[in-house]
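Architecture and fold: a report
Here's the letter readout for the chains.
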Amino acid sequence: MAAPQLIWEVVKGHNSFLRKNLNHTSFSAEAGNLYNKHSYKYSGLANAKTVDISAEGDAVKVSKKRSKAVSQPAKNLSTSVSKKNGRRVLKSVAKEVAGYRPDLKSVAKEVAGYRPDLKAAAVARAAAVLKSIRVKKAAAKAQ
């Protein structure tokens, strides 16, 4: 696989997910982009490790790209579905993205963090997905 910086340089100007606004702001509609910002840090195309959070019925689905299986599309994503209540979902998303390390003595737990820089974005996206699920349930209940 090519270097992520090279991939970003190729796709940053023109790709099918790019949405340009009248106020010269650029957004991105690609999977794995938590803030939908058109930037290298949040890009789901260029980065080898990406996180995508979406709704699946009444549950929250967290998908992570596996960096070792990039050339194998069937094995590329690792998904987990959480049907817990809101607070537990947010806590599990934060642990899954940033990595949970209760003690720093173990070498395996030291490198357990997947993308700690995306922790706040993942929690914000999970909260927005949970809110959309609540609104959908309330609308269905009102009818």
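The shown structure was predicted, so the numbers you read here are calculated from the model rather than taken from an experiment.

Quick look at the packing of aromatic side chains
Here the structure, examined in full by the defined rule, presents two aromatic pairs. Ring geometry for Tyr35 and Tyr42: centres 5.0 Å apart, planes at 75°, overall edge-to-face. Taking relative accessible area as the criterion, Tyr42 reaches 13% and is therefore assigned buried. In this arrangement the basic side chain of Lys64 is found over the ring face of Tyr114, its NZ or CZ atom lying 4.9 Å from the centre.

Details of helix 4 (residues 119-142)
The terminal C-alpha atoms of helix 4, which comprises 24 residues, lie 35 Å apart, in line with the 34 Å expected from a rise of 1.5 Å per residue. Of the residues making up helix 4, those classed as buried are Ala121, Ala122, Ala126, Val129, Leu130 and Ile133.

Quick notes on the side chain of Ser63
Looking at the element boundaries, Ser63 is found in strand 4 (residues 59-65). Residue contacts for Ser63: discarding those within four places in its chain leaves Thr50, Val51, Asp52, Leu77, Ser78 and Thr79.

Some points on empty space enclosed by the protein
Evaluated as defined, the whole model comprises one cavity of 30 Å³ or more. The calculated volume of the largest cavity comes to roughly 30 Å³. As for the largest cavity, its lining consists of Gly32, Leu34, Lys41, Tyr42, Ser43, Asn47, Thr50, Arg115 and Leu118. Partitioned by chemical class, the residues of the lining of the largest cavity number three nonpolar, four polar and two charged.

Quick look at unusual backbone geometry
Positive phi values are uncommon outside glycine, yet His24 reaches one of about 60°. Position of His24 among the secondary structure elements: in the loop between strand 1 (18-20) and strand 2 (26-28). Despite not being glycine, Asn36 shows a phi value in the positive range, around 55°. Relative to the helices and strands, Asn36 is located in the loop between strand 2 and strand 3 (51-56). For Asn36, a relative accessible area of 29% translates into the label partly exposed.

As for the sheet that holds strand 5 (residues 77-82)
Here three strands make up an open sheet; going across it, the order is 3-4-5 and the pairing antiparallel. This sheet does not close on itself; its edge strands, each paired only once, are strand 3 and strand 5. The sheet shows a mean angle of 20° between the axes of neighbouring strands, taken without regard to direction. With six bridges joining them, strand 4 and strand 5 adopt antiparallel strand pairing. Note that in strand 5 the partner of Ser63 across the bridge is Thr79. In the packing of helix 4 onto the sheet, contacts are made with strand 3 and strand 4, and the angle to strand 3 comes to roughly 10°.

About the cut-offs
- Residue numbers restart at each chain and count upward from 1, following the sequence in its written direction.
- Note on the predicted model: pLDDT of at least 70 is required for a residue's local features to be given, and 80 or more for side-chain atom pairs to be given and counted; whole-chain, interface and lining totals, by contrast, use all residues.
- For the side-chain quantities, the full set of heavy atoms in the structure was used; hydrogens and water were omitted.
- Aromatic pairing here means that ring centres of Phe, Tyr or Trp (its six-membered ring) are within 6.5 Å. Orientation follows from the plane angle: under 30 degrees is stacked, over 60 is edge-to-face, and everything else is tilted.
- Working definition: with a 1.4 Å probe on protein chains only, accessible area under 20% of the residue-type maximum means buried, over 50% means exposed, and in between means partly exposed.
- Note on geometry: a ring has a charge over it if NZ (lysine) or CZ (arginine) is within 6 Å of the ring centre and within 35 degrees of the ring normal.
- In DSSP terms, a helix is any run of H or I states spanning at least four residues, a strand is any run of E spanning at least two, and both are numbered starting from the N terminus.
- Expected helix span is given by 1.5 Å per residue-to-residue step, counting one fewer step than there are residues.
- Throughout, a residue-residue contact means that at least one pair of heavy atoms, one from each residue, lies within 4.5 Å.
- Note on definitions: the grid is 1 Å and covers protein atoms alone; a cavity is a set of points where a 1.4 Å probe fits but cannot get out; a pocket is an open set with protein on both sides within 12 Å along at least five of seven lines; lining residues have an atom within 4 Å of a point.
- Grid points are joined across faces, edges and corners, and a volume is the space filled by probe spheres set on the points.
- Polar here means any residue other than Ala, Val, Leu, Ile, Met, Phe, Trp, Tyr, Cys and Pro, which are nonpolar, and Asp, Glu, Lys and Arg, which are charged; Gly is therefore polar.
- Strands pair, by our definition, only if DSSP identifies at least two bridges between them.
- For helices, the fitted axis covers only the stretch in contact; all axes are lines through C-alpha atoms, and the angles between them, taken along N-to-C directions, range from 0 to 180 degrees.

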